[in-house]
Amino acid sequence: WNKYTFSDGQFKGLALGLGVNYQGSALGSQDAINSTIINPGVFLVDALVAYDTILFGHWSKFSINVNNLLNKHYTNNDIGIGTPLTWQVAATVRF
């Protein structure tokens, strides 16, 4: 993961992040000796856009996190089907 936050100029407070994870290929069964199914490896991309500002005199942060940005269909070797593209939107205000 890497994140860049603009510290001055017209984009001050804006943060952009990007992360890449790799899950290697693995046998598709708990019974590895008898398994003939191999789950292929997959690269997963996550992203972040956030903005810090002062809103009505209070520090505020708004963010959007996206997991599995490319919506890869994959098998998670631990629990089954991998998580599809998901979004998380958050707002934080400190009083």
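All of the points below concern the structure found in this document. (Residues numbered from 1 in each chain as written. Predicted model: local features only at pLDDT ≥ 70, side-chain atom pairs only at ≥ 80, totals over all residues. Heavy atoms only, no water.)

### Topic: the packing of aromatic side chains
Line of reasoning, step 1. Evaluation of the coordinates by the stated rule reveals three aromatic pairs.
Line of reasoning, step 2. The interplanar angle of 90° and the centroid separation of 4.9 Å between the aromatic rings of Tyr4 and Phe6 together place this pair among those described as edge-to-face.
Line of reasoning, step 3. Residue classification places Phe6 among the partly exposed positions, given a relative accessible area of 24%.
Line of reasoning, step 4. An angle of 45° between the planes, with centres 4.7 Å apart, marks the rings of Tyr22 and Phe43 as tilted. Here Tyr22, found in strand S2 (residues 14-23), pairs with Phe43, found in strand S5 (residues 42-55); they are 21 residues apart in sequence, far enough to count as distant.
Line of reasoning, step 5. Linked through ring pairs, Tyr4, Phe6 and Phe11 together constitute an aromatic cluster.
Line of reasoning, step 6. In this structure, Arg94 packs its charged tip against the face of Trp59, placed 4.2 Å from the ring centre. (Phe/Tyr/Trp six-rings, centres within 6.5 Å; stacked < 30°, edge-to-face > 60°. Buried < 20%, exposed > 50% of the residue type's maximum accessible area, 1.4 Å probe, protein only. Helix = DSSP H or I, 4+ residues; strand = E, 2+ residues; numbered from the N terminus. Lys NZ or Arg CZ within 6 Å of the ring centre and 35° of its normal.)

### Observations concerning unusual backbone geometry
Line of reasoning, step 1. In this model, Phe56 sits at a positive phi of 50°, which is unusual for a non-glycine residue.
Line of reasoning, step 2. With phi around 50°, Asn71 is a residue other than glycine that occupies positive phi space.
Line of reasoning, step 3. With respect to the secondary-structure elements, Asn71 resides in the loop between strand S6 (58-67) and strand S7 (75-76).

### Focus on the sheet that holds S2
Line of reasoning, step 1. Across the sheet, which stays open at both edges, the five strands sit in the order S1-S2-S5-S6-S9 with antiparallel pairing between neighbours. Every other strand in the sheet has two partners, leaving strand S1 (2-5) and strand S9 (86-93) as the edge strands with one partner each. The mean angle between the axes of side-by-side strands here comes to 10°, regardless of whether they run parallel or antiparallel. (Pairing = 2+ DSSP bridges. Axes fitted to C-alpha atoms, helices over the stretch in contact; angles between N-to-C directions.)

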